[in-house]
Amino acid sequence: MGTVCTTREKHPEDEVQFTEEEKKGEPVYLNVYDLMGLNATTHPLGIGVYHTGVQVYGREYSYAGHYTTESTGLRCSKPCDASWLHDAVFREHVLVGYTKFSADEVNAKFDALKDDFLGPDYNVLDRNCNHFTARFIKILTRRHLPAYVNRIMNIAEKDTYRRASEGPSG
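A.B. asks: Explanation requested: the overall build of the protein in the structure shown.
C.D. replies: Across its full length, the protein carries four helices and five strands. Starting at the N terminus and walking to the C terminus, you meet the elements of the protein as β-α-β-β-β-β-α-α-α. Looking at the protein residue by residue over its 170 residues, the buried ones come to 39%. For the protein, restricting intrachain contacts to residue pairs at least 6 apart in sequence, the fraction spanning at least 24 positions comes to 73%.

Next up, the structure:
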């Protein structure tokens, strides 16, 4: 069954319905960590700055950037422990779906993503931990990442590209 994480108040977008057939698989959880104290105020509004990881079979899979040349940024760790991530505070543990894959198959799918998520390729706007968790959740469950998790970065990314397309002002 793995580590059970205590959870704080969930966001309404977390509520997902599952079929009886889906529930026959192994539960897959999204572990969400606050990266800013301001999230206490903004989370109920559906926005915040979060780190996320995918928990299944008692392991947590996540992505973080680093500057080691051509080395993966993916990591597997003890669930609900982001002590390796400066100032991250565990927020919640959200059931996002179920997988039919065995633990070995999950590990193989994770390993297959290692070259796609290199540490030096990390970008806070368009290639962050939430992009990895969205992809891994989709592979494992055919479900989507709750929208609030990466909403602020999606807004910032769209604004950055809009400004770039407008060119210099003046």
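A.B. asks: For this particular structure, what's the right way to read the nonpolar core?
C.D. replies: Nonpolar side chains tend toward joint burial in soluble globular proteins. The biggest cluster of nonpolar side chains holds 22 residues, and the ones touching the most others in it are Leu 30, Tyr 61, Leu 74, Phe 132, Phe 136 and Leu 140. Elements that contribute at least two residues to this core include exactly strand 1 (26-34), strand 2 (50-56), strand 3 (59-63), strand 5 (89-99), helix 2 (103-112) and helix 3 (129-141). Considering every element that reaches this core, the biggest residue donor is helix 3, with four residues. Ignoring sequence-local partners within four residues, the contact set of Leu 74 consists of Ser 62, Tyr 63, Phe 110, Leu 113, Lys 114, Phe 117 and Phe 132.

A.B. asks: What should I look at first to understand the pairing of strand 1 in this one?
C.D. replies: Remark: a regular strand shows side chains that alternate across the two faces of the sheet. Here strand 1 pairs with strand 5 via nine bridges, running antiparallel. Paired with Pro 27 across the bridge in strand 5 is Tyr 98. The sheet contact formed by strand 1 and strand 2 spans six bridges and is antiparallel. Each bridged residue has a counterpart across the sheet, and for Leu 30 the counterpart in strand 2 is Val 54.

A.B. asks: Hey, could you run me through the sheet that holds strand 5 in this one?
C.D. replies: Pairing is antiparallel in the open sheet, where five strands are placed in the order 4-3-2-1-5. Each having just a single partner strand, strand 4 (74-77) and strand 5 make up the two edges of the open sheet. The mean inter-strand angle of the sheet, taken between neighbouring strand axes irrespective of direction, is 25°. Two strands pair when backbone bridges link them, and strand 3 and strand 4 are joined in this way by four bridges, in the antiparallel orientation. Its bridge partner being in strand 4, Tyr 61 is matched across the sheet by Cys 76. Packing of helix 2 onto the sheet brings it into contact with strand 2, strand 3, strand 4 and strand 5, and relative to strand 3 it is tilted by some 10°. Strands strand 1, strand 2, strand 3, strand 4 and strand 5 of the sheet are contacted by helix 3, whose axis makes an angle of about 25° with strand 2.

A.B. asks: Even after reading the chapter, I still don't get the side chain of His 43, so can you show me in this structure?
C.D. replies: Here His 43 is to be found in the loop between helix 1 (39-42) and strand 2. The exposure class assigned to His 43 is buried, which follows from its relative accessible area of 4%. A distance of 2.6 Å separates polar atoms of two side chains, one belonging to His 43 and the other to Tyr 50.

A.B. asks: It is not clear to me how a nonpolar patch on the surface should be interpreted in this structure. Could you clarify?
C.D. replies: On the surface, Leu 35, Met 36 and Leu 38 cluster together to form a nonpolar patch covering roughly 260 Å² of accessible area. In this structure, Leu 38 sits in the loop between strand 1 and helix 1.

A.B. asks: Got a minute to help me understand the pattern of salt bridges in this structure?
C.D. replies: Side chains bearing opposite charge may pair, as long as their charged atoms lie close to each other. Scanning all chains against the criterion turns up seven salt bridges. In this structure, the salt-bridge partner of Glu 20 is Lys 23, at a minimum N-O distance of 3.6 Å. Residue classification places Glu 20 among the exposed positions, given a relative accessible area of 58%. Glu 21 is the partner of Lys 24 in a salt bridge, and the nearest nitrogen-oxygen pair spans 3.2 Å. Ionic contacts of the salt-bridge type, sharing partners, join the residues Glu 21, Lys 24 and Lys 100 into one network.

A.B. asks: Mind showing me how you'd approach unusual backbone geometry here?
C.D. replies: What you tend to see is this: most non-glycine residues have negative phi, and most peptide bonds are trans. Phi is positive for Tyr 57, close to 55°, though the residue is something other than glycine. Judged by its relative accessible area of 31%, Tyr 57 falls in the partly exposed class. One non-glycine residue with positive phi stands out, namely Arg 142, at about 65°. Within the secondary structure, Arg 142 is located in the loop between helix 3 and helix 4 (151-166). Residue Arg 142 is classed as exposed on the basis of its relative accessible area of 72%.

What counts, and at which threshold
- Counting from 1, residues in each chain are numbered in the order their sequence is written.
- Residues qualify for local features only when their pLDDT is at least 70, as the model is predicted, and side-chain atom pairs are given and counted only at 80 or more; totals for whole chains, interfaces and linings, by contrast, use all residues.
- In computing side-chain values, all of the structure's heavy atoms are included and hydrogens and water are not.
- Where helices and strands are cited, they refer to DSSP runs of H or I of at least four residues and of E of at least two residues respectively, numbered from the N terminus.
- Burial status follows relative accessibility: with a 1.4 Å probe on protein chains alone, a residue under 20% of its type maximum counts as buried, one over 50% as exposed, and anything between as partly exposed.
- By the convention used here, residues are in contact when the closest approach between their heavy atoms is within 4.5 Å.
- By nonpolar core we mean a set of buried residues, namely Ala, Val, Leu, Ile, Met, Phe, Trp, Tyr and Cys, connected to one another through side-chain atoms within 4.5 Å.
- Strand pairing is assigned whenever DSSP detects at least two bridges linking the two strands.
- With axes taken as lines fitted to C-alpha atoms, and helix axes fitted only over the stretch in contact, angles between N-to-C directions fall between 0 and 180 degrees.
- Residues adjacent in sequence count toward polar contacts only when both atoms are side-chain atoms; beyond that, a polar contact is any pair of N or O atoms within 3.5 Å, and within protein one must be able to donate a hydrogen and the other to accept it.
- Patches in this entry comprise residues that are over 30% relatively accessible and not in a salt bridge; like charges within 9 Å are linked, as are nonpolar side chains (Val, Leu, Ile, Met, Phe, Trp, Tyr) within 5 Å.
- For the accessible areas, the method is Shrake-Rupley and the probe is 1.4 Å, while residue cover comes only from the protein chains on display.
- The rule for a salt bridge is simple: a side-chain nitrogen of Lys or Arg has to be within 4 Å of a carboxyl oxygen of Asp or Glu.

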